[in-house]
Amino acid sequence: AQSVTQLGSHVSVSEGALVLLRCNYSSSVPPYLFWYVQYPNQGLQLLLKYTSAATLVKGINGFEAEFKKSETSFHLTKPSAHMSDAAEYFCAVSEAGGYQKVTFGIGTKLQVIP
Amino acid sequence: DTAVSQTPKYLVTQMGNDKSIKCEQNLGHDTMYWYKQDSKKFLKIMFSYNNKELIINETVPNRFSPKSPDKAHLNLHINSLELGDSAVYFCASSQGNPDTQYFGPGTRLTVL
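Residues numbered from 1 in each chain as written. Chains lettered and ligands numbered in written order. Predicted model: local features only at pLDDT ≥ 70, side-chain atom pairs only at ≥ 80, totals over all residues. Heavy atoms only, no water.

**Examining the pattern of salt bridges**
Test applied: Think of a salt bridge as a Lys or Arg side-chain nitrogen and an Asp or Glu carboxyl oxygen that are within 4 Å of each other. A run of H or I in DSSP becomes a helix once it reaches four residues, and a run of E becomes a strand once it reaches two; helices and strands are each numbered from the N terminus. For every residue, the accessible area (1.4 Å probe, protein chains only) is compared with the maximum for its type, and the residue is labelled buried under 20%, exposed over 50%, or partly exposed between those bounds.
Following the criterion strictly, the structure yields eight salt bridges over all chains and no others. Among the ionic pairs, B:E58 bridges to A:K101, the shortest N-O distance being 2.9 Å. Separated into two different chains, B:E58 in the loop between strand 6 (53–57) and strand 7 (64–70) and A:K101 in the loop between strand 9 (87–95) and strand 10 (103–104) make up a pair that spans both. In this structure, B:K71 engages B:D30 in a salt bridge whose closest nitrogen and oxygen atoms are separated by 2.9 Å. In this pair, B:K71 sits in the loop between strand 7 and strand 8 (73–78) while B:D30 sits in the loop between strand 3 (19–25) and strand 4 (31–37), placing the two residues 41 residues apart along the sequence. For B:K71, a relative accessible area of 34% corresponds to the partly exposed category. Since its relative accessible area comes to 18%, B:D30 is described here as buried. Via salt bridges that share partners, A:K101, B:K44 and B:E58 belong to a single interconnected network.

Here's what the structure looks like:
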């Protein structure tokens with residue numbers, strides 16, 4: 001069975017500071033991994049995804065994530081936070097092959113302090 | 001053009017009523033989903049259809065019945081609404097599974 005653990009349901013950073021949102025996964029087979037962002041009163045949109053190609057994945061809005069198999073992690077980073085980054089971030093995992101469901105983490109709410 | 005649209009955006013109703021939520025996607029995707037997001041923002045898959053065929057059916061009360069008349073539409077009908085059904089329901093679509101999912105704006109259901 002696949003699962004995702006997001007450490008920290010709330011993260012606060014100052015504007016201009018490094019953003020680090022943590023995600024660890026569990027999967028019995030090679031996983032596909034995703035980060036989605038949800039702005040208030042909107043649906044989720046994809047930030048980036050890992051599908052067994054390069055381990056360092058770059059996404060939209062300056063975000064990137066690194067797949068580390070030995071640590072079963074897929075942490076999301078951004079060098080410099082912007083006020084517009086304030087949102088809810090979801091890590092998700094799916095197992096490659098066939099019609100597999102995507103399992104989402106509980107989400108991390110990012111607050112950016114001016 | 002909206003890629004994934006849902007109607008209605010808000011739905012307020014009394015316990016015991018029956019209601020439907022409609023979803024349409026114009027992306028040409030084969031797979032569509034229904035998710036429930038509770039008040040703590042936890043997102044849980046309910047159903048998934050591929051080319052009108054049900055492929056994922058999570059542990060959901062049988063008061064919830066999805067219907068896919070064609071691969072661009074996936075509707076959700078809920079019978080005998082309960083207080084615990086209050087949530088935001090999201091429709092999503094993707095080309096194949098798993099792949100990037102495109103989410104609709106959500107339907108906020110409030111059961112009084």
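**Overview of the environment of A:H10**
Residues and elements named next belong to chain A. The cut-off we apply is this: Counted as a polar contact is a pair of N or O atoms within 3.5 Å, where, for protein atoms, one must be capable of donating a hydrogen and the other of accepting one, and residues adjacent in sequence contribute only when both atoms are in side chains.
Secondary-structure assignment places H10 in strand 2 (residues 10–14). Owing to a relative accessible area of 59%, H10 belongs among the exposed residues under this scheme. Separated by 78 residues in the primary sequence, H10 and E88 have C-alpha atoms spaced 8.9 Å apart. Among the polar contacts made by the side chain of H10, one reaches the side chain of S9 at a distance of 3.3 Å.

**So, the pairing of strand 9 of chain A**
Residue and element names in this part refer to chain A. What counts, and what does not: A strand pair is defined by DSSP finding two or more bridges across the two strands.
Burial runs high along strand 9: nine of the nine residues are buried. Taking every second residue as pointing to the same face, both faces of strand 9 are buried, with A87, Y89, C91, V93 and E95 on one and E88, F90, A92 and S94 on the other. By the bridge criterion, eight bridges tie strand 4 (residues 31–38) to strand 9 in an arrangement that is antiparallel. Bridged to L33 within strand 9 is V93. Of the strand pairs in this sheet, strand 9 and strand 11 (residues 108–113) are connected by three bridges, and their pairing is antiparallel. When the sheet's bridge partners are listed, E88 is paired in strand 11 with K109.

**Considerations on the interface of chain B and chain A**
Threshold: We call two residues in contact whenever any of their non-hydrogen atoms come within 4.5 Å of each other. Here the quantity called buried area is the accessible surface, traced with a 1.4 Å probe, that two parts lose on coming together, added over both. Residue type decides the class: Asp, Glu, Lys and Arg count as charged, Ala, Val, Leu, Ile, Met, Phe, Trp, Tyr, Cys and Pro as nonpolar, and the leftover types, Gly among them, as polar.
Facing the 22 residues of chain B at the interface are 21 residues of chain A. For the pairing of chain B and chain A, the buried interface totals around 1800 Å² over both sides, and the portion due to carbon and sulfur atoms is 56%. Counting the contacts that link chain B with chain A gives five residue pairs in polar contact (both at pLDDT 80 or more). Secondary-structure elements contributing two or more residues to the side of chain B that touches chain A are strand 4, strand 5 (43–50) and strand 6 of chain B. Ranked by residue count, the leading element in the side of chain B that touches chain A is strand 5 of chain B, at three residues. Broken down by class, the residue content of the side of chain B that touches chain A amounts to 10 nonpolar, six polar and six charged.

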